[in-house]
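Given next are the chains, with one letter for each unit.
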Amino acid sequence: MNARPKKSFGQHFLHDRRYIDRIVSAVAPRDDDFVVEIGPGEGALTLPLLKVAGKLSAIELDTDLIPGLRARATSVGELHIIQADVLKVDFTALAHSHGVERLRIAGNLPYYISSPILFHCVEHAAAIQDMHFMLQKEVVDRMAAEPGSKVYGRLSVMLQLACRVEPLFNVPAEAFRPPPKVESAVVRLVPLAKHELHDAKPEHVYAVVKAAFGQRRKTLSNALKQLLDSDAIRRADVDPRARAETLAPEDFVRLAKVYGSL
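First, a word on what this report is: a plain description of the structure on this page. (Residues numbered from 1 in each chain as written. Predicted model: local features only at pLDDT ≥ 70, side-chain atom pairs only at ≥ 80, totals over all residues. Heavy atoms only, no water.)

**Focus: the pairing of strand S6 (residues 128-136)**
This is how it is decided: Residue exposure (1.4 Å probe, protein chains only): buried if accessible area is under 20% of the type maximum, exposed if over 50%, otherwise partly exposed. Where helices and strands are cited, they refer to DSSP runs of H or I of at least four residues and of E of at least two residues respectively, numbered from the N terminus. Here, a strand pair is defined by DSSP locating no fewer than two bridges between the strands.
With eight of nine residues buried, S6 is to be regarded as a mostly interior element. Pairing between strand S5 (residues 103-108) and S6: six bridges, direction parallel. Looking at the pairing, asparagine 108 lines up with methionine 134 of S6. Pairing geometry for S6 and strand S9 (residues 184-191), over six bridges, is antiparallel. When the bridges of S9 are listed, leucine 135 appears paired with alanine 185.

Given below as structure tokens:
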């Protein structure tokens, strides 16, 4: 029997086999991978992934879904269910506890909490090999946006400083039960190698990016006036008259370094 999706959990269950198969093909799990699924729901993606991978860990908050999920997985493979809020799961500790260097993460993320989940995963990027997520298409567009785009913003900068962002394909509303009011998309995130990462303090980058996009219509000299004056902005080789949406992610790193030196 199918579960009734809960609005409080932002549940929209994927049921179209064509898109399920495309996601599994994109993830392409191998026998030695440690795959973690966020929000397995009824198991539409879980069971095909489990069939290929042989074993899988799934993080599910809704206790009503777990018995059915566990029963359906019995004949498919080894499923370990973690009943928890994903924002409280320590992915680094999870990898270490299973004796692996890096996890592979997948999931159909609830729209209302997708950004916090993305940022939470980025905090543990050193313990993650890659991520394949289905999200609201508008969110994926923001994640992959380039400077100058109307949707380029804080999410774009923070994710691109930590990962390579690769939109894969769109998923129509009718592929879900119940159909959401928006189109979805699948995206691949690959954490940058250590030598590719910036060396500014994360809290300084966060502060500069948040302030800059908090008043995105203003010039940087105005938006950042609580953090950096015009001379300090120029020391970062950035024009104080520019607006946040025109800056590349690396520009924010230089601003963060100047901010940290004050």
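Alright, that's what it looks like, and here's the rest.
**As for the packing of helix H8 (residues 202-214) against helix H11 (residues 249-261)**
Spelled out, the test is: Every angle, taken between N-to-C directions, lies between 0 and 180 degrees, and every axis is a line fitted to C-alpha atoms, over only the stretch in contact when it is a helix. Orientation labels follow simple angle bins: below 35 degrees gives roughly parallel, above 145 gives roughly antiparallel, 65 to 115 gives roughly perpendicular, and whatever is left gives oblique. Each crossing is labelled by how the near helix is turned from the far one, with a counterclockwise turn of less than a right angle marking it left-handed and a clockwise turn marking it right-handed. Residue contacts are counted whenever heavy atoms from the two residues lie within 4.5 Å of one another. Throughout this entry, Asp, Glu, Lys and Arg are counted as charged residues, while Ala, Val, Leu, Ile, Met, Phe, Trp, Tyr, Cys and Pro are counted as nonpolar. The remaining residues, Gly among them, count as polar.
Viewed as axis vectors pointing N to C, H8 and H11 meet at an angle of 115°, and their least axial separation amounts to 8 Å. Considering their axes alone, H8 and H11 lie roughly perpendicular with respect to each other. Handedness of the H8/H11 crossing: right-handed. When H8 is examined against H11, the residues His204, Val205, Ala207, Val208, Val209, Ala212 and Phe213 are found in contact with a partner set consisting of Phe252, Leu255, Ala256, Tyr259 and Gly260. A class-by-class count of the residues in the contact of H8 with H11 yields ten nonpolar, two polar and no charged.

**Some thoughts on the pattern of salt bridges**
Condition: Basic side-chain nitrogens of Lys or Arg form a salt bridge, by our definition, when they fall within 4 Å of a carboxyl oxygen of Asp or Glu.
Counted according to the given criterion, the structure contains 15 salt bridges. Linking arginine 177 and glutamate 42 is a salt bridge whose minimum nitrogen-to-oxygen distance equals 2.7 Å. Taken as a pair, arginine 177 in strand S8 (residues 176-177) and glutamate 42 in the loop between strand S2 (35-38) and helix H2 (46-53) lie far apart in primary sequence, 135 residues in all. The partner of arginine 164 in a salt bridge is glutamate 196, and the shortest N-O contact between them spans 3.9 Å.

**Quick notes on the side chain of histidine 132**
The line we're drawing: Identification of polar contacts relies on pairs of N or O atoms within 3.5 Å, with a donor-acceptor requirement for protein atoms, meaning one able to donate a hydrogen and the other able to accept it, and with residues adjacent in sequence counted only if both atoms are side-chain atoms.
Examined against the element boundaries, histidine 132 turns out to sit in strand S6. Looking at histidine 132, its side chain comes within polar contact range of the main-chain oxygen of alanine 26, at 3.3 Å. Excluding residues within four positions of it along the chain, histidine 132 makes contact with Ala26, Val27, Arg104, Ile105, Ala106, Gly107, Leu168, Val187 and Arg188.

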